[in-house]
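# Structure at a glance
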Amino acid sequence: MEKIGETSALCPVCLKTIKATKVAENDKVYIVKECPEHGKWKVQIWSGSEHYKYLYEFAAVQKPPQKFAVKEMKDCPQDCGLCNEHKQQTCLNVVEVTNLCNMNCPICFATANGCGYKYHPSLDEIKKMFQTVVDNVKSPRVVQLSGGEPTIRDDLPEIIKMAKDMGIEHIEVNTNALRISEDMEYLKALADAGMDSFYFQFDGIDDNIYLQTRGRPMFDVKKKAIENCGIVGVGVTLVVTVSPNINLDHVGKIIEFAGLNVPTVKGVHFQPITYFGRYPIEPTDKDRVTLPDLANAIEKQTMGMLKADNFLPTSCSNVHCDMKSLSIVMEDGSLFPLTTMALGPPVKTDDIADKTRTEVSKFWRFIEETMDGPSGSEDKTWRSFISRAKTHYLTVSAMAFQDVWTGEVERWERCCIHMVTPDGKLIPFCLFNCTAADGRTIYRRKAFCGN
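One structure accompanies this document, and this report is about it. Here the structure is a predicted model, which means the values were calculated and not measured.

About the thresholds
Residues numbered from 1 in each chain as written. Predicted model: local features only at pLDDT ≥ 70, side-chain atom pairs only at ≥ 80, totals over all residues. Heavy atoms only, no water. Helix = DSSP H or I, 4+ residues; strand = E, 2+ residues; numbered from the N terminus. Rg over C-alpha atoms; globule rule 2.2 N^0.38 Å. Buried < 20%, exposed > 50% of the residue type's maximum accessible area, 1.4 Å probe, protein only. Areas by Shrake-Rupley, 256 points an atom, 1.4 Å probe, with all protein chains shown as cover. Lys, Arg positive; Asp, Glu negative; His and termini not counted. Charge placed at Lys NZ, Arg CZ, Asp CG, Glu CD. Polar contact = N/O pair within 3.5 Å; in protein donor to acceptor, adjacent residues only side chain to side chain. Salt bridge = Lys/Arg side-chain N within 4 Å of Asp/Glu carboxyl O. Pairing = 2+ DSSP bridges.

### Considerations on the overall build of the protein
Of regular secondary structure, the protein possesses 14 helices and 15 strands. The C-alpha radius of gyration computed for the protein amounts to 21 Å, which stays within 12% of the reference 22 Å derived for 451 residues, consistent with globular compactness. Principal axes of the C-alpha set define a box for the protein whose edges measure 70 × 50 × 45 Å. Here the protein holds 451 residues, and the buried ones make up 60% of them. Accessible surface for the protein amounts to roughly 18400 Å². Of this, 50% is attributable to carbon and sulfur atoms. Seen as two clouds, the 53 positive and the 59 negative side-chain charges of the protein have centres 3 Å apart.

As structure tokens, this is what we get:
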């Protein structure tokens, strides 16, 4: 057993801060922690110990936020907001506009419709959260409107327009796609208000998967919603909750489906299942998917068209939080990857948060003039490739959120995806949503109902 590092973590029972150690054993990385009251845990967080250590070379230069809601950290992660110990600026701001939903999924990070309180803020309350973003985040400002299900709000177009008028450049709506599959007038109103893209929950192309993850068949709904988005010219990112017991063997088919639906579909974003909010089982290591596991499954299921080495950490968040690739979708549906680990760590990483915000703003819109061919070039093959690259690109990415068993302060301190709270704080997304084994939280309930 090799000790890799020390950090702090949370007790899964009482949510108190406890010391933790990261160790390598049998080519796997584990977090080991012990609560004096409730026992000891050893949970796998990575596959491939040398790869885990190598990724530290991709870490961005620390660039802390300029403003803090909590001036002095006393007990991280118990008094977040952000504090003066936070090491990364915000690249994505999540504003929750309701905790109500038109579905009741077996898997739900927000426990929508089942958390014991109602949160459905007024326009003035939402405006204050947007003002928090404007006051604390550099341009370009990227906001994801989340829930619950944001599209249950008839005033969502008004919310989007308000955000745009306040100087928020990119607005993305997190949705299960039910309403936009049925209501073209509402969808057009969202687009006319200035919405840039949708963040579509999408777990596969087989309704047997949706019966397990969402409790009802949904594939036809997803297809119709994507078709509608193509008509009005709104880009879509397919967001996949990946479970080793449900759909890990389906990731290649999802990427293939995405490629067949560009340019409306701009990306696939895989999220290995995280055990917070509402979930069907108490997890063991066999119930988890690490990022290397996912990358290897993608390589195998795409027959090597997209390789594990085509995925890079964004370096905006902690290097063990995410991975991404960018490919051109060729006419035959195959992918031409533009990213590779073979180039090694980036030489300059001090502006990665700004670069990440700009890339999100560009690549997740419907159509973006992002590349230009050589002036006067007679190479028709090259010009054809460049022309296609302007519209027919696909990001394939993944984010490994942390739950109460896997969470560690080292990663939370470098998080760049922040929940915006009604009282003007920015809190790392997975820390905000982290729940104890019995469902209690540190932040979510207190932020939205004061207790």
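### Comments concerning the side chain of Ser181
Along the polypeptide, Ser181 turns up in helix H4 (residues 178–182). From its side chain, Ser181 meets the backbone oxygen of Leu178 in a polar contact 2.6 Å long.

### Brief notes about the pattern of salt bridges
On inspection of all chains with the given rule, the structure shows 20 salt bridges. A salt bridge links Glu408 to Lys22; the shortest N-O distance between them is 2.8 Å. Placement of the pair is Glu408 in the loop between strand S13 (393–399) and helix H12 (409–412) and Lys22 in strand S2 (residues 17–25), with a sequence separation of 386 residues. By the burial criterion, Glu408 is buried, and Lys22 matches it. As a salt-bridge pair, Asp196 and Lys164 come within 2.8 Å of each other at their nearest N and O atoms. Of the two residues, Asp196 is situated in the loop between helix H5 (184–193) and strand S8 (197–201) and Lys164 in helix H3 (residues 156–165); the sequence distance between them amounts to 32 residues.

### What to know about helix H8 (residues 251–260)
Burial analysis of H8 places seven of its ten residues in the buried class, the great majority of the element. Turning to H8, its buried residues number three or more, namely Val251, Gly252, Ile254, Ile255, Phe257, Ala258 and Gly259.

### Considering the pairing of S13
Among the seven residues of S13, seven are classified as buried, and the element is accordingly described as predominantly covered. Side chains Tyr393, Thr395, Ser397 and Met399 project from S13 onto one buried face, and the interleaved Leu394, Val396 and Ala398 project onto a second face that is buried too. By the bridge criterion, four bridges tie strand S10 (residues 265–272) to S13 in an arrangement that is parallel. The residue of S13 that forms the bridge with His269 is Ser397. Taken together, the seven bridges between strand S11 (residues 322–329) and S13 define a ladder with antiparallel strand orientation. For Leu326, the partnering residue across the bridge sits in S13 and is Thr395.

Just distances and angles here, no functional claims.
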